[in-house]
Amino acid sequence: MNSRVLSTERLVLRKMTLADVGALMEISSDPEAMKYYPSTKNEQQASEWVEWTLRKYDTYGTGLWIVEDKETGEFLGQCGIVPQEVNGVIEMEIGYLFARRVWRNGYATEAALACKKYGFEQLGLKKLISFVDVNNTPSAKVAERVGMTVEKKIHKWGKDVFVYAVTL
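One structure accompanies this document, and this report is about it. Keep in mind the model is a prediction, meaning the values are calculated, not measured. (Residues numbered from 1 in each chain as written. Predicted model: local features only at pLDDT ≥ 70, side-chain atom pairs only at ≥ 80, totals over all residues. Heavy atoms only, no water.)

Considerations on the pairing of strand β3 (residues 64-69)
Here is the rule: Here the term buried applies to any residue with accessible area under 20% of the maximum for its type, exposed to any over 50%, and partly exposed to those in between, with areas from a 1.4 Å probe on protein chains only. Elements are defined by DSSP. Helices are runs of H or I of four residues or more, strands are runs of E of two residues or more, and each kind is numbered from the N terminus. For two strands to pair, DSSP has to find at least two bridges joining them.
Burial within β3 is extensive, with six of its six residues counted as buried. Pairing geometry for strand β2 (residues 11-15) and β3, over five bridges, is antiparallel. When the bridges of β3 are listed, Arg 14 appears paired with Ile 66. Note: β3 against strand β4 (residues 75-86), five bridges, orientation antiparallel. Within β4, the residue paired with Glu 68 across the bridge is Phe 75. Between β3 and β4, which pair antiparallel and follow one another directly, the connecting turn spans five residues, one of which, Gly 73, has a positive phi of 80 degrees.

Following this line, the structure appears as structure tokens:
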């Protein structure tokens, strides 16, 4: 089974499997990479994260995908389209989280742009959002580079987050 969902000039985005838990731990256990998340994750929690993602694939046909270097297959991070609840409504979010060792290489923007195109062209979505912690300037810049603007500020996960949005 080919798990590749999409590719870009430098990246391959493929479906996540339980075999990815070890690679995901590079991000999940890093306090700096997880700064804007509730906490770091241990292996059990990372495994539950993958299982949650696999359920999203089954229910919605989409979710977060593993991002790898197209030439080397090296794990870089995760990016994809995830259903999220916003004020009682399910919206589709472009989510992205990359290993700190590859930050500032444009991978998040490249992957998020590919997800935006996929969401509009393959999934037929009319709107995509991204949740960005009000203090997470690098993530906000990624959202802006893919054409999103702040739609509103909400309280989610015990903190204030901006809801960035782009429509077709």
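With respect to the nonpolar core
Where we set the bar: Grouping buried Ala, Val, Leu, Ile, Met, Phe, Trp, Tyr and Cys residues that are joined through side-chain atoms within 4.5 Å yields what is termed a nonpolar core. We call two residues in contact when some of their heavy atoms are within 4.5 Å.
Among the nonpolar cores identified, the biggest contains 47 residues, and Leu 13, Cys 79, Tyr 96, Phe 98 and Leu 128 are the most heavily contacted of them. Counting residues per element, this core draws most heavily on helix α3 (residues 107-121), at eight residues. Apart from residues lying up to four places away in sequence, Tyr 96 is in contact with Tyr 37, Gln 78, Cys 79, Ala 108, Ala 112, Ser 130, Val 132, Ser 139, Val 142 and Ala 143.

Comments concerning helix α4 (residues 137-145)
Rules: The directions considered for the arc are those from the helix axis to the C-beta atoms. Under this definition, polar contacts are N or O atom pairs within 3.5 Å; protein pairs additionally need one hydrogen-donor-capable and one acceptor-capable atom, and for neighbouring residues in sequence, both atoms have to be side-chain atoms.
Among all positions of α4, only Ser 139, Ala 140, Val 142 and Ala 143 are buried. Looking down the long axis of α4, one finds its buried residues gathered within 155 degrees of arc, a one-sided arrangement. Summarising the contacts, the buried residues of α4 are in contact with β5 (89-98), α3, β6 (127-133) and β8 (159-167). The backbone nitrogen of Ser 139 has a side-chain oxygen 3.1 Å away, supplied by the residue at the start of α4, namely Asn 136.

Some points on the packing of aromatic side chains
Convention followed: Whether two aromatic rings pair depends on their centres lying within 6.5 Å, for rings of Phe, Tyr and Trp, where Trp uses its six-membered ring; planes under 30 degrees apart make the pair stacked, over 60 edge-to-face, and the rest tilted.
Under the counting rule described, the total for this entry stands at four aromatic pairs. For the pair Trp 65 and Tyr 118, a centre-to-centre distance of 5.4 Å together with 85 degrees between the ring planes defines the contact as edge-to-face. One end of the pair, Trp 65, is in strand β3; the other, Tyr 118, is in helix α3, and 53 residues separate them in sequence. For Trp 65, a relative accessible area of 2% corresponds to the buried category. When the ring of Phe 131 is compared with that of Trp 157, the centres are 5.3 Å apart and the planes differ by 90 degrees; the resulting orientation is edge-to-face. Within this pair, whereas Phe 131 is found in strand β6, its partner Trp 157 is found in the loop between β7 (149-156) and β8, the two being separated by 26 residues in sequence. A relative accessible area of 10% means that Phe 131 is categorised as buried. Residue class for Trp 157 comes out partly exposed when judged on its relative accessible area of 48%.

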